[in-house]
Amino acid sequence: GRSLLEEAPTLEELNISFESLSKPLSYTANTEGELEQDISDFFNAMVKIFNALFEEHLPGAIARMATSEQGLGIANALLKKQASPAECISATDAQEKIKGQYPEIYSDWPKMLDGQMKQYVDKMVHGLLNTNETKAPEGWLEMPPINGGSFTNIHVKALKATGTHQITEMKMLETDPKTPETISFGMTTACPSDEAPYSARVVMTAEGTLDVTGEALVEVEFPCGTLETTLNLSVDTLEAVTMLMPPSLFCTLLSPFKTIAVANLTTAYRGAGKVYVTIAEGTRHDVLQELCGNFPRLCALMGRIGETFVNKDNATLVLSYLHQEAVGFCDEMIKAKGRRLSDDLDIQRDSLGVPYEEFSFGLLSLWLGLLLSIIGAAVVVWSIKYMDEKSVRRDNASLAVHIIRHYGIVFAYVISLLLFLSVSFRDLACNKLAYASVVLTNVYKPSNKILDTQTLAVFTSWGLAYQFKEANFLLAFEWVLNGLGVTIGIFVVFALSFWIIRFPYTVQHIILRVAIFFARRPWQESATLGLSALALTSDLELPVDIQGQMRLNMWAGPLLGMFSTLFLTAAAIGMLVTLPVKSTETEEEGKNRMMLVDLVLCSGIILGMFIWFFFDFVEVGFRGLASAVLETKSFSGMQMGNGNASLKLSILLVFVLAPLMQACLVITRVMGLKLMSAGLHRALEEVFMSLNSLDIFALAFFVGFLTGIDGFASSFVNTEFAPLCQATQFVAGLPPIR
């Protein structure tokens, strides 16, 4: 700090005002003996005389002295000496200067802890054990309120320890001169008896605001038994004095430790204790009992994990590992705070670091794409019309020329605009916008209030492709192909067949049919997201009537992708309906021959819808720690997209409504029912046939069945929460999810 000053600060004015002294002056001798006592009595007598004469005048005198020119001069002289500009040296130079003057590793705890601090701790413990109920001092309860999740103004209204007569022994910060590097802690608690039918517990009443202000009573009941541990601790003194500004108190306390090991561990407890929570005037919840009732396998697993901590070597391994991970986390936080001055602060990135923009109608990329599409379509259509007018041959014309001549330039412009918009919207969806996010919401069921909402991860289209690659490379390839790849490929095919090359109408018809078949591939995105949502959708019944809801929420990316596919399909249908149809005589000749094909088509559609509605074809299950919490579930097609309205709507459109309408229109055509004009019937049949994606889904599902698509949820968890997963693997001996 001093190196940033150009000159020492100066006090120009100082105001001090107080009414009286908190207590009179006194004199106390630090030595013992008769002579010292006589001298002390003499000085105390003089002080009493001074107090009697000058005590009422002393505050005013001090205030006048501090605010006078002489007082300001003394203060400024001290500031000039202590805060004059100075050159700061580097941490490396500072370490070199103090090297050898101080021990690099400090572990002599008796020198630090034995003395007044130890006496204070012993008196506090003694007072706690002698009083069966101890309330927290008022100062503890006047701590500033905090905010957490959706709660605001959270503060402790009451805090007390009761039943402390049951604590027969408690050790806090015990040291041993024979092993100065160790610190011991311990507590022995008696079980309830006829003479003392209660347990030691801590009771806290907290108040917070969520729409309205309410209270919660938390009671922690200690199990009876003994817990004693001796820690071997050492501090890296150089790390302590050269530590950069730590991001939290937790990091400040933890980072300087060089060694954290368990030298001794004794546990002899009966049970796991109790934790009770009461919300307002509601039911008193036994948290641990409810947790084990909902997830018995999790409690059994945690019990087995707890047994491994009884061994001091295992406890040391786990404690050292967690210490290293925590210090690494603190270092990353410090580095992150240093990066806050970088220029890319305003760039939002997904969980894999891919940049994205939040959608809004003022988004520059959106309007730029719209403008370029409008201008591009106008230039292309005008150029085609101009060249047609200048052309000598009138028979060698592209489909666009055919549409301009017979349906008008506006219709040709609309088709061209749809083609440009399909590419523009797909580029925006894949390269600019976020696609999905994993959100965890905690809901208090009695009032259906949201307690907390956490966004665990945000994914762009490329971020999802990476996650799919971790699960299955073919799935990632299909994701990219079905979205950006198909859109650009079909755009090129349509551009060649519509604007440039003149094909015979029969060939043009085949090209459009094949292109429409592949143009439906992007609808597979909805099914893929729906399957992913099934893997990442779960409701956990937690204690205290809280339900944890994890969901895969859609962002603007998939919505613009759907519009891109609709534009591409609409352009294809527009070109298709302008092609000349066969004569009535030709249609009558092939009517009987095509009737069987149409009936087979309808049968396949109806069978596919029947399977979609009534058969489970996806099973979501987990292994590892997650299997103790999440049950294996099976899903049908109708359950895909549950929890997200836009995703569910697109799935119903292409996998339910479109197949149903296509089957109905084919049946009415085969049966000869005249419910509408032939042109409208043909247009509607083309529309629903182009949207029907049951066959696309069946093909993709079959490929996925052969190659396997497991691993999306596990790859997401293991990538997003890698340190936590590694710690869980180390502590529990099994991964959180796989």
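Residues numbered from 1 in each chain as written. Predicted model: local features only at pLDDT ≥ 70, side-chain atom pairs only at ≥ 80, totals over all residues. Heavy atoms only, no water.

Counting secondary structure elements, the chain contains 26 helices and 20 strands. Accessible surface, the chain as shown: approximately 42,700 Å² in total, 63% of it carbon and sulfur. (Helix = DSSP H or I, 4+ residues; strand = E, 2+ residues; numbered from the N terminus. Areas by Shrake-Rupley, 256 points an atom, 1.4 Å probe, with all protein chains shown as cover.)

Turning to the pairing of strand 16 (residues 449–460), a few remarks are in order. Regular strands place side chains that alternate from one sheet face to the opposite one. For strand 15 (residues 434–444) and strand 16, the ladder comprises 10 bridges, and the chain directions are antiparallel. Paired with Ser 437 across the strands is Val 458, a residue of strand 16. From the end of strand 15 to the start of strand 16, which pair antiparallel, there are four residues, and Asn 448 there has a positive phi angle of about 60°. (Pairing = 2+ DSSP bridges.)

What follows deals with the state of the cysteines. Per the counting criterion, the structure on display carries two disulfides. The disulfide partner of Cys 292 is Cys 299, and the S-S distance across this bridge is 2.0 Å. Here Cys 292 and Cys 299 share a disulfide; its torsion about the S-S bond, -90°, makes the bridge left-handed. (Disulfide = S-S within 2.5 Å.)

Once that is clear, we can look at the packing of helix 17 (residues 473–500) against helix 20 (residues 556–577). Here helix 17 crosses helix 20 at 25°, and the two axes come no closer than 11 Å. By the angle between their directions, the pair helix 17 and helix 20 is classed as roughly parallel. Note on packing geometry: the crossing formed by helix 17 with helix 20 is left-handed. Along the contact surface, helix 17 presents Thr 487, Ile 490, Phe 494 and Phe 498, while helix 20 presents Ser 564, Leu 568, Ala 572 and Met 575. Looking at the contact of helix 17 with helix 20 residue by residue, the class counts come to six nonpolar, two polar and no charged. (Axes fitted to C-alpha atoms, helices over the stretch in contact; angles between N-to-C directions. Parallel < 35°, antiparallel > 145°, perpendicular 65-115°, else oblique. Left-handed = near helix turned anticlockwise from the far one by under 90°. Contact = heavy atoms within 4.5 Å. Nonpolar A, V, L, I, M, F, W, Y, C, P; charged D, E, K, R; others polar.)

Quick look at the pattern of salt bridges now. Evaluated as defined, the whole model comprises 11 salt bridges. Between Arg 201 and Glu 221 there is a salt bridge, and its shortest N-O distance comes to 2.5 Å. With a gap of 20 residues between them, Arg 201 in strand 7 (residues 201–210) and Glu 221 in strand 8 (residues 212–221) connect regions that are remote in the sequence. Judged by relative accessible area, Arg 201 falls into the buried class, the value being 19%. Looking at Glu 221, the relative accessible area reads 17%, which means it is buried. We note a salt bridge from Glu 219 to Arg 284, for which the minimum N-O separation is 3.1 Å. On the criterion of sequence distance, the pair formed by Glu 219 in strand 8 and Arg 284 in strand 12 (residues 284–286) is long-range, its members being 65 residues apart. (Salt bridge = Lys/Arg side-chain N within 4 Å of Asp/Glu carboxyl O. Buried < 20%, exposed > 50% of the residue type's maximum accessible area, 1.4 Å probe, protein only.)

Attention now goes to the environment of Asn 553. Mapped onto the elements of the fold, Asn 553 is located in strand 18 (residues 546–554). With a relative accessible area of 25%, Asn 553 lands in the partly exposed category. Sequence separation between Asn 553 and Ser 646 is 93 residues; the distance between their C-alpha atoms is 9.8 Å. If we ignore the near neighbours within four places in the chain, the residues touching Asn 553 are Tyr 435, Ala 436, Ser 437, Val 439 and Asn 644.

Read from one edge of the open sheet, four strands run 16-15-18-17, paired in antiparallel fashion. Either end of the sheet is taken by a strand with one partner, and the two such strands are strand 16 and strand 17 (538–542). The sheet shows a mean angle of 15° between the axes of neighbouring strands, taken without regard to direction.

Below, the discussion takes up a nonpolar patch on the surface. On the surface, Leu 607, Phe 610, Ile 611, Phe 613, Phe 614 and Phe 615 cluster together into a nonpolar patch covering about 600 Å² of accessible area. Mapping Phe 610 onto the fold places it in helix 21 (residues 584–614). The class of Phe 610 is partly exposed, set by a relative accessible area of 43%. (Patch = residues over 30% accessible without salt bridge, like charges linked within 9 Å, V, L, I, M, F, W, Y side chains within 5 Å.)

Tallied over the full model, the rule gives 10 aromatic pairs. By the ring-pair criterion, three or more aromatic residues cluster together here, those being Phe 420, Phe 491 and Trp 499. Note that Arg 284 overlies the ring of Tyr 276, its terminal NZ or CZ placed 3.7 Å from the centroid. (Phe/Tyr/Trp six-rings, centres within 6.5 Å; stacked < 30°, edge-to-face > 60°. Lys NZ or Arg CZ within 6 Å of the ring centre and 35° of its normal.)

Mapped onto the fold, His 285 is located in strand 12. Look at His 285 and you get buried, because its relative accessible area is 5%. Residues contacting His 285, with those up to four places away along its chain left out, are Val 275, Tyr 276, Val 277, Glu 290, Val 544 and Asp 545.

Now for the packing of helix 20 against helix 23 (residues 678–691). As a packed pair, helix 20 and helix 23 sit with axes 10 Å apart at the nearest point and diverge in direction by 145°. Seen along the crossing, helix 20 lies across helix 23 with a hand that is right-handed. Residues Leu 566, Thr 569, Ile 573, Leu 576 and Val 577 of helix 20 form the contact with helix 23, whose participating residues are Arg 682, Ala 683, Glu 686, Val 687, Ser 690 and Leu 691. Residue composition of the contact of helix 20 with helix 23, grouped by class: seven nonpolar, two polar and two charged.

What follows concerns unusual backbone geometry. Phi angles above zero are rare outside glycine, and Val 544 is one such case at about 60°. Positionally, Val 544 belongs in the loop between strand 17 and strand 18. For Val 544, a relative accessible area of 9% gives the class buried.

Attention now goes to the nonpolar core. In this structure, Leu 419, Phe 494, Phe 498, Trp 499, Trp 612, Met 640 and Phe 655 are the most contacted members of the largest nonpolar core, which totals 85 residues. For this core, the element with the most residues is helix 17, which contributes 10 residues. In this view, Phe 498 contacts Ser 398, Leu 399, Ala 400, Ile 403, Ala 412, Ile 415, Ser 416, Leu 419 and Met 575; residues no more than four positions away in its chain are not counted. (Core = buried A, V, L, I, M, F, W, Y, C linked by side-chain atoms within 4.5 Å.)

Should the pLDDT be low somewhere, the predicted coordinates at that spot are not to be read in detail. Model confidence for the chain is summarised by a mean pLDDT of 77, while 78% of its residues fall at 70 or above. Per-residue pLDDT stays below 50 along residues 338–345; that stretch engages in two contacts with residues further than four places along the chain or on separate chains. (pLDDT = per-residue confidence, 0-100.)

Our focus in this paragraph is the environment of Leu 464. Within the element layout of this structure, Leu 464 appears in helix 16 (residues 461–471). Along the chain, Leu 464 and Val 480 lie 16 residues apart, while their C-alpha atoms are 9.6 Å from each other.

Take helix 23 next. Its 14 residues place the ends of helix 23 20 Å apart at the C-alpha level, agreeing with the 20 Å of an ideal helix rising 1.5 Å per residue. All of the buried residues in helix 23 are His 681, Glu 685, Glu 686, Phe 688, Ser 690 and Leu 691. On the buried face of helix 23, the contacting elements are helix 18 (505–519), helix 20 and helix 22 (645–671). (Expected span 1.5 Å × (residues − 1).)

A word on the side chain of Ser 538. Turning to its location among the elements, Ser 538 is positioned in strand 17. The exposure class assigned to Ser 538 is buried, which follows from its relative accessible area of 12%. Sequence-distant contacts of Ser 538, that is, excluding residues within four places in its chain, are made with Gly 548, Gln 549, Met 550, Arg 551 and Leu 630.

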